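Notes for the structure review
Residues per chain are reported as follows:
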Amino acid sequence: MHAASGEIVAISSSSRKVVSSSPCTSAQCRRGFNGENDGKNAEYEEHARHSEHCGCADCVLTREDWLKRVTEDLELHGLQPRTVEGYSLAVRLFLDRVKKDPLTLTEQDVRDYVLHLRDDRHQAPSSINIAICALRFFFEFTLPRDFEVFQLLRVKSRRSLPVVISEREIRP
């Protein structure tokens, strides 16, 4: 809290933000948005965009809020606990890497991150696929965006030939 102004300072994923302690006057806040995100809820997405630019304490979405929201969405979607844990971790690592507010993320951020996993981190194809699936879920259900990059992203794992023994090795 700023001593001089009496304003609350909230830290979002993108920067420090001064938040007014007085109630918000926007239509979204006045009606007390309590909607659920079903992936197609325009009101939810509108409120998410509003909350990044609003000055009221109830509307500031932090990185932790987004991570909590994606975890809740994964659980509501009926995924197994280990899948929820893996996808939540993948989204957290992505947000840590890009260091941008989720509302400002672009397809290029997703492309760069996948290339980073492949080229810089040398991750296994299965690990990259988990990250892609987690990001696809995040941008489809939690923060609805129609990113065509997910149609393009495919990581194929290398297939190795089975070990075949010769007849001589079978019969000594």
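Residues numbered from 1 in each chain as written. Predicted model: local features only at pLDDT ≥ 70, side-chain atom pairs only at ≥ 80, totals over all residues. Heavy atoms only, no water.

So, about the side chain of His116. In this fold, His116 is placed in helix H5 (residues 107-120). Leave out the neighbours within four places in its chain, and His116 touches Arg97 and Arg121. (Helix = DSSP H or I, 4+ residues; strand = E, 2+ residues; numbered from the N terminus. Contact = heavy atoms within 4.5 Å.)

On to the confidence of the model for the protein. When pLDDT is averaged across the protein, the result is 74; 65% of the residues are at 70 or more. Mean pLDDT values for the elements of the protein range from 34 in strand E1 (residues 8-11) up to 94 in helix H4 (residues 81-98). Confidence drops under a pLDDT of 50 for residues 1-40, and excluding neighbours within four residues, the segment shows 79 contacts in the predicted structure. (pLDDT = per-residue confidence, 0-100.)

Turning our eyes to something else, we now look at the environment of Val91. Residue placement: Val91 occurs in helix H4. Look past the residues within four positions of Val91 in its chain and what remains in contact with it is Leu67, Val70, Ala134 and Phe138.

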